[in-house]
Amino acid sequence: MIDKLIDKIIQNENCMINYADYMSFVLYDPVIGYYMKDNKKLGREGDFYTSSGVHAVFGKAFAHFFLDIIQKEKLPAVICEFGGGDGRFAKAVLDEWQRIAPIGMEDLKYSIIETSPFHRQEQKKLLSDKVFFKQFDSLEVFSKSNSNIFEGIIFSNELLDAFPVHVIEKQNGNIYEVFVSFNEERNQLTEIKKLCNNDNVLLWIEKYGPKLKDGQRIEVPLYMNDWINSIYQFLSKGFLVTIDYGFTRDEWMFPQRKKGSLRGYCKHQLVDNPLLYPTEMDLTSHIHLDAYNDVAIEVGFDKIIDIRQNRFLLMIGMLEFLQENYDPNPFSEKSKQNRAIQTLINDNGISSAFHVFLHGKKLTAINSYGFLNDNPYDI
């Protein structure tokens, strides 16, 4: 058990902390937080995969999409990615951009806001030859470097699911908040449920959440609302492109969602108990898809699209990257790319679990995007 975490719990009122504080500590503590430590999180040697780790073709397809919307809106060639992981997505986008950019647009300014020192080092290794690549450890620092004005594209992939969340549960018609405490006799973390008196949590679930059934547990992402608002305030003109997994209000009511979605991932294994292995495993929860759109629109964004990732990839031309010539070598780059494309566009593949959100601010050519229609390319 981590002594620093135990001290934090014991020193708190009633010797317990809410789940949002627990997640903030075990994931983001500057010294022992999971994301802050010097160890692999992504890929075979880590704890989980992302779509950008499947193959560079994922980033290549997005490079074409980014170029298209930047040209149509006459935006500066500027992209800010939140998170960024090991930098593979950024590298794929930048490499492809150099190949396809027209004269006068060759210099794509690409910044990553990354809280993890380890991931910043990984990104530097991969992107050291990119002249217009920059890193920042927070939106505040990035905002100051841009005089609090940003035009372009803001992108994130599997960022929101790692935001700290409160956890509530409905019992006998009452809403309880679930707290984290420490059982000295058993020498382990444990949960305590108290009648919820957090007005912000209660208001959020009343306004954005599903109508909970008795015995149902769910996560409340207050931080998500703050993040969307801060992005809107920072973005002067352009697009917010967000990729993540989650459930609609109707999907939250399925029987299998009764226990909520907060889970851990350790060495590619799902861990049902989020209190196991504190600071040693990733913690994640499914986002509220309807709430994300509602909040984005409330703060002032225009909603452009919300669609499954595999369908979105088809819409932006992923199939154009298929190599037609037969290659008998299954380990060749051509074969690997073709298999990756099949994985990314398959209805039963990794992409089907993700949603792509596209929101805009002060756009002028919004009606010219083919994907604004419900079924633009008959897919």
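Here the residue index of a chain counts from 1 through its sequence in written order. Per-residue local features of the predicted model are confined to residues with pLDDT of at least 70, and side-chain atom pairs are confined, for both listing and counting, to 80 or more; whole-chain, interface and lining totals are unaffected and use all residues. The basis for the side-chain values is all heavy atoms of the structure; hydrogens and waters are excluded.

## Structural notes on the packing of aromatic side chains
Pairing of aromatic rings covers Phe, Tyr and the six-membered ring of Trp, with a centre-to-centre limit of 6.5 Å; geometry is then stacked below 30 degrees between planes, edge-to-face above 60, and tilted otherwise. Under the definition given, this model contains 27 aromatic pairs. Between Phe58 and Phe62, the ring centres sit 5.1 Å apart and the planes meet at 55 degrees, which makes this aromatic pair tilted. A residue pair is termed a helical-turn pair when its members lie 3 or 4 positions apart in one helix, as Phe58 and Phe62 do in helix 3 (residues 57-73) at 4 residues. Note on classification: 1.4 Å probe, protein chains only; a residue is buried when its accessible area is under 20% of the maximum for its type, exposed when over 50%, partly exposed between these limits. We classify Phe62 as buried; its relative accessible area is 0%. Their ring planes at 85 degrees and their centres at 4.7 Å tell us that Phe163 and Tyr223 sit as a pair that is edge-to-face. Separated by 60 residues along the polypeptide, Phe163 in the loop between strand 5 (150-157) and strand 6 (166-171) and Tyr223 in helix 8 (residues 222-234) bring together distant segments of the chain. One aromatic cluster in this structure is built from Phe58, Phe62, Phe65, Phe66, Phe89, Phe155 and Phe312. The criterion for a charge sitting over a ring is simple: Lys NZ or Arg CZ within 6 Å of the ring centre, and within 35 degrees of the ring normal. In this structure, Arg257 packs its charged tip against the face of Phe247, placed 3.8 Å from the ring centre. Above the ring of Tyr232, the side-chain terminus of Lys361 is found at 3.8 Å from the ring centroid. Numbering of helices and strands runs from the N terminus; a helix is a DSSP stretch of H or I covering at least four residues, while a strand is a stretch of E covering at least two.

## Quick look at empty space enclosed by the protein
To find leftover empty space, a probe the size of one water molecule is rolled over the atoms. Here a cavity is any set of points on a 1 Å grid over the protein atoms alone where a 1.4 Å probe fits but cannot get out, and a pocket is any open set with protein on both sides within 12 Å along at least 5 of 7 lines; a residue lines the site when it has an atom within 4 Å of a point. Grid points are joined across faces, edges and corners, and a volume is the space filled by probe spheres set on the points. Throughout the structure, instances matching the rule amount to 1 cavity of 30 Å³ or more. Quantified by volume, the largest cavity comes out at close to 60 Å³. Taken together, Leu160, Asp161, Phe163, Val165, Glu219, Pro221, Met224, Ser285, His286, Ile287 and His288 make up the lining of the largest cavity. Of the residues in the lining of the largest cavity, the class split is 6 nonpolar, 3 polar and 2 charged. Gly is placed with the polar residues, together with every amino acid not listed as nonpolar (Ala, Val, Leu, Ile, Met, Phe, Trp, Tyr, Cys and Pro) or charged (Asp, Glu, Lys and Arg).

## Some words on the side chain of Asn225
As for its placement among the helices and strands, Asn225 is situated in helix 8. A distance of 2.9 Å separates a polar atom in the side chain of Asn225 from a polar atom in the side chain of Trp204. Pairs of residues are marked as contacts when any of their non-hydrogen atoms sit within 4.5 Å. Among residues more than four places away in sequence, those in contact with Asn225 are Trp204, Tyr208 and Val295. Counting of polar contacts relies on pairs of N or O atoms within 3.5 Å, with two restrictions inside protein: one atom must be capable of donating a hydrogen and the other of accepting it, and residues adjacent in sequence are counted only when both atoms are side-chain atoms.

## What to know about the nonpolar core
Only buried Ala, Val, Leu, Ile, Met, Phe, Trp, Tyr and Cys residues count toward a nonpolar core, and they belong to the same one when joined by side-chain atoms within 4.5 Å. Phe62, Phe66, Tyr110 and Val241 are the most contacted members of the largest nonpolar core, which totals 49 residues. The greatest single-element share of this core, amounting to 10 residues, is contributed by helix 3. Residues within four places of Phe66 in sequence aside, it is in contact with Ile79, Phe89, Val93, Trp97, Ile153, Phe155 and Val241. With 40 residues, the next largest nonpolar core counts Trp227, Trp252, Tyr292 and Phe357 among its residues.

## Observations regarding the sheet that holds strand 17 (residues 355-361)
Strand pairing follows a simple DSSP-based rule, namely that at least 2 bridges must link the two strands. Spatially, 7 strands are ordered 4-3-2-5-10-17-16 in an open sheet, and the strand pairing comes out mixed. Edge strands, defined here as strands with exactly one partner in the open sheet, are strand 4 (133-136) and strand 16 (302-308). Averaged over all pairs of adjacent strands, the angle between strand axes in this sheet comes to 15 degrees, irrespective of strand direction. Contacting strand 2 (78-82), strand 3 (109-113) and strand 5, helix 4 (residues 88-100) runs over the sheet at an angle of about 175 degrees to strand 3. Here an angle of 0 to 180 degrees is reported between the N-to-C directions of two axes, which are lines fitted to C-alpha atoms, with helices fitted over the stretch in contact. Lying over the sheet, helix 10 (residues 289-299) contacts strand 10 (235-244), strand 16 and strand 17, oriented at roughly 5 degrees with respect to strand 17.

## Points about the packing of helix 8 against helix 10
Contact pair helix 8 / helix 10: the axes reach a minimum separation of 9 Å and the direction vectors enclose 40 degrees. Two packed elements cross with a definite hand, and for helix 8 against helix 10 that hand is right-handed. From helix 8, Met224, Asn225, Trp227, Ile228, Asn229 and Tyr232 reach across to helix 10, where they touch Ala291, Tyr292, Val295, Ala296 and Val299. Here the contact of helix 8 with helix 10 is built from residues that sort into 9 nonpolar, 2 polar and no charged. Crossing handedness follows the turn of the near helix against the far one: under a right angle anticlockwise gives a left-handed crossing, and clockwise gives a right-handed one.

## Description of the packing of helix 7 (residues 199-208) against helix 10
Where helix 7 meets helix 10, the axes come as close as 10 Å, and the angle between the chain directions of the two elements is 100 degrees. By the criterion of interaxial angle, the relationship of helix 7 to helix 10 is roughly perpendicular. Contacts from Trp204, Lys207 and Tyr208 of helix 7 reach helix 10 at Ala291, Asp294, Val295 and Glu298. A per-class count over the contact of helix 7 with helix 10 returns 4 nonpolar, no polar and 3 charged. Our angle categories are set so that under 35 degrees counts as roughly parallel, over 145 as roughly antiparallel, 65 to 115 as roughly perpendicular, and the remainder as oblique.

## As for the environment of Arg311
On the secondary structure map, Arg311 appears in helix 11 (residues 309-315). Residue Arg311 is classed as partly exposed on the basis of its relative accessible area, which comes to 25%. The spatial distance from the C-alpha of Arg311 to the C-alpha of Ser351 is 8.5 Å, given a sequence separation of 40 residues.

## Remarks on the sheet that holds strand 12 (residues 263-266)
Within a sheet, each strand pairs with its neighbour through backbone hydrogen bonds, oriented either parallel or antiparallel. Reading across from one edge, 13-12-14 is the order of the 3 strands in this open sheet, with antiparallel pairing throughout. Of all strands in the sheet, those bounded by a partner on one side alone are strand 13 (269-271) and strand 14 (282-284). Strand-to-strand twist in this sheet, taken as the mean axis angle between neighbours without regard to direction, amounts to 30 degrees. Here strand 12 pairs with strand 13 via 3 bridges, running antiparallel. The partner of Tyr265 across the bridge, within strand 13, is Leu270.

## What about the confidence of the model for the protein?
Per-residue pLDDT for the protein averages 89, and the proportion of residues at 70 or more is 90%. The predictor attaches a confidence to each residue, and that confidence, scored 0 to 100, is pLDDT. Note that residues 373-379 has pLDDT below 50 and, in this model, 8 contacts with residues that lie over four places away or in other chains.

## A look at the environment of Asn12
Mapped onto the fold, Asn12 is located in the loop between helix 1 (3-10) and strand 1 (16-18). Sequence separation between Asn12 and Ser181 is 169 residues; the distance between their C-alpha atoms is 9.7 Å.

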